[in-house]
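# A structural walkthrough
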Amino acid sequence: LALEAGASGFTWMGDVSNSGPNSRAVAPEQQSVEPQYSASIVALLSTPTIMDELEQNSQVIEWICSLPSMLQLAQVLTTNPPMNIDDKALRAHHQAAFVAAALMDGCGRPRSCSPNSLLNTLPERLCKAFLQQTPNGDGPLERLWSFASESTEEEVESALAGYFARVARVILERHPYEVAQRLQRHGLAIRNGLLCRIQSEPLA
């Protein structure tokens, strides 16, 4: 799977089915961690062979768990894609969000998964990756929880509300103290935002 650089400048280089030294993640603009829309994270998570890639190649997991990729992933889970993308890209975006939510709570793991599979530790690795911070102190966790106060009515009424609630619950259950500390300064905005969106069943 080779991905061309998108708006965020991040590209997957090499064949992800190969765990050799030539299979690696490259971030040409690694200093920039703005959560811009990324076609690359969507393309990776929406590929039909994503479970095989994750089970066989730790480099793929390392790339997904990097700070820039997690910022992009948080955006995919909580915002609608750009309006100017075609139907194929739209389906890929929704598929990527669905797969990401399933991976977070372990539901995406095949029943035939071997005891030594990388998928067994993936939910915890993803949860920890959400706790990474940018230089300004925020990170994927804050981007995820911004859904509570910044989501549009259309987003609240879409599948995104379920993805947000599912992923937020998993991270909170695994790392309650860290989540509480990080979100403390956003507490008022989150509370008021959730109250305004109480009509959404996943957010209730």
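The rules behind each value
- Residues numbered from 1 in each chain as written.
- Predicted model: local features only at pLDDT ≥ 70, side-chain atom pairs only at ≥ 80, totals over all residues.
- Heavy atoms only, no water.
- Helix = DSSP H or I, 4+ residues; strand = E, 2+ residues; numbered from the N terminus.
- Buried < 20%, exposed > 50% of the residue type's maximum accessible area, 1.4 Å probe, protein only.
- Contact = heavy atoms within 4.5 Å.
- Areas by Shrake-Rupley, 256 points an atom, 1.4 Å probe, with all protein chains shown as cover.
- Axes fitted to C-alpha atoms, helices over the stretch in contact; angles between N-to-C directions.
- Parallel < 35°, antiparallel > 145°, perpendicular 65-115°, else oblique.

Right, let's talk about the overall build of the chain for a bit. From N to C terminus, the chain includes 12 helices and two strands. Taken from the N to the C terminus, the helices and strands of the chain come in the order β-β-α-α-α-α-α-α-α-α-α-α-α-α. Per-residue burial for the chain yields a buried fraction of 45% across its 204 residues. Expressed as a percentage of contacts within the chain between residues at least 6 apart in sequence, the contacts between residues at least 24 apart total 68%. Carbon and sulfur atoms provide 52% of the accessible area of the chain, an area that totals close to 10,600 Å².

Before going further, it helps to examine the environment of L122. Mapped onto the elements, L122 comes out in helix α6 (residues 122-130). Along the chain, L122 and L54 lie 68 residues apart, while their C-alpha atoms are 8.7 Å from each other. Not counting residues up to four positions away in its chain, the partners in contact with L122 are L54, I61 and L103.

It is at 10 Å that the axes of helix α4 (residues 67-78) and α6 come closest, and there the two elements cross at 100°. When the axis of α4 is compared with that of α6, the two are roughly perpendicular. Contacts between α4 and α6 pair M70, A74 and L77 from the former with L126, A129 and F130 from the latter.

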